[in-house]
Amino acid sequence: MQELAVDIRTTFGKKIKPLRKLGKVPAVIYGKHLKAPVSVLLDKNAFLKAYKASGTSTAITLTGEKLKELVLVADVQLDPVGDFVLHVDFHAVRSDEKVTAEVPVILIGTSPVEKNAEGRVQIILANIEVEAFPQDLPHDIQIDISTLEHVHDVVFVKELKFSDKVEVLTDGEQAV
């Protein structure tokens with residue numbers, strides 16, 4: 001599990017711009033067990049490293065002065081021109097309560113259909129909704145497409161293998 005250091009944020013509005021130039025990203029932590037949302041400031045590079053490793057379905061521990069929260073990345077706001085991180089929303093979760101998350105589907109391998117130029121493998125369902133305790137959520141769902149030997153072969157959600165600790169909420173008859 002990733003750990004990320006944060007500072008409580010006291011600067012808001014247009015006064016954030018100089019902090020962004022120093023490599024800081026404003027963020028907010030919210031959750032049903034928190035009394036009020038918590039505004040924090042984090043290091044951009046540390047966040048990008050943690051986000052790349054955890055994505056939106058793996059819990060991150062935020063630590064700071066008087067703060068230790070288990071969170072999932074709920075939203076990352078990017079600058080439309082410069083493509084840099086403007087703001088992050090974290091959803092605070094408890095390790096003893098199940099959460100629902102969208103887990104990305106990753107295709108691995110090479111399909112004989114594509115190799116022989118008979119067709120293309122097309123992903124229909126980019127994310128699969130699951131429910132589990134935060135520490136049990138899968139980072140991603142990998143599908144080996146080397147088993148797709150014919151043009152009309154399909155992989156359904158019900159055919160995917162998950163841990164016993166993970167409940168799949170997406171319809172099993174849905175094609176991936």
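Predicted model only: the values in this text are computed from it and were never measured.

Description of the environment of E69
Here's step 1: In this fold, E69 is placed in strand β5 (residues 67–78).
Here's step 2: For E69, a relative accessible area of 15% corresponds to the buried category.
Here's step 3: Once the C-alpha coordinates of E69 and A59 are considered, the two residues, ten residues apart in sequence, prove to be 9.9 Å apart.
Here's step 4: Dropping the residues within four chain positions of it, E69 is found in contact with H33, L34, I60, T61, L62 and A92.
Here's step 5: At 3.2 Å, the side chain of E69 and the side chain of H33 are in polar contact.

Details of the pattern of salt bridges
Here's step 1: Under the definition given, this model contains four salt bridges.
Here's step 2: Between E97 and R94 there is a salt bridge, with the nearest N and O atoms lying 3.9 Å from each other.
Here's step 3: Under the relative-accessibility criterion, R94 is labelled partly exposed at 36%.
Here's step 4: Residue E173 is joined to K158 by a salt bridge in which the shortest nitrogen-to-oxygen separation is 2.9 Å. Of this pair, E173 sits in the segment after β10 (167–168) while K158 sits in the loop between β9 (141–144) and β10, and the two are 15 residues apart along the sequence.
Here's step 5: Several salt bridges converge on common partners, so that one network encompasses K32, R94, D96 and E97.

Criteria and cut-off values
Residues numbered from 1 in each chain as written. Predicted model: local features only at pLDDT ≥ 70, side-chain atom pairs only at ≥ 80, totals over all residues. Heavy atoms only, no water. Helix = DSSP H or I, 4+ residues; strand = E, 2+ residues; numbered from the N terminus. Buried < 20%, exposed > 50% of the residue type's maximum accessible area, 1.4 Å probe, protein only. Contact = heavy atoms within 4.5 Å. Polar contact = N/O pair within 3.5 Å; in protein donor to acceptor, adjacent residues only side chain to side chain. Salt bridge = Lys/Arg side-chain N within 4 Å of Asp/Glu carboxyl O.

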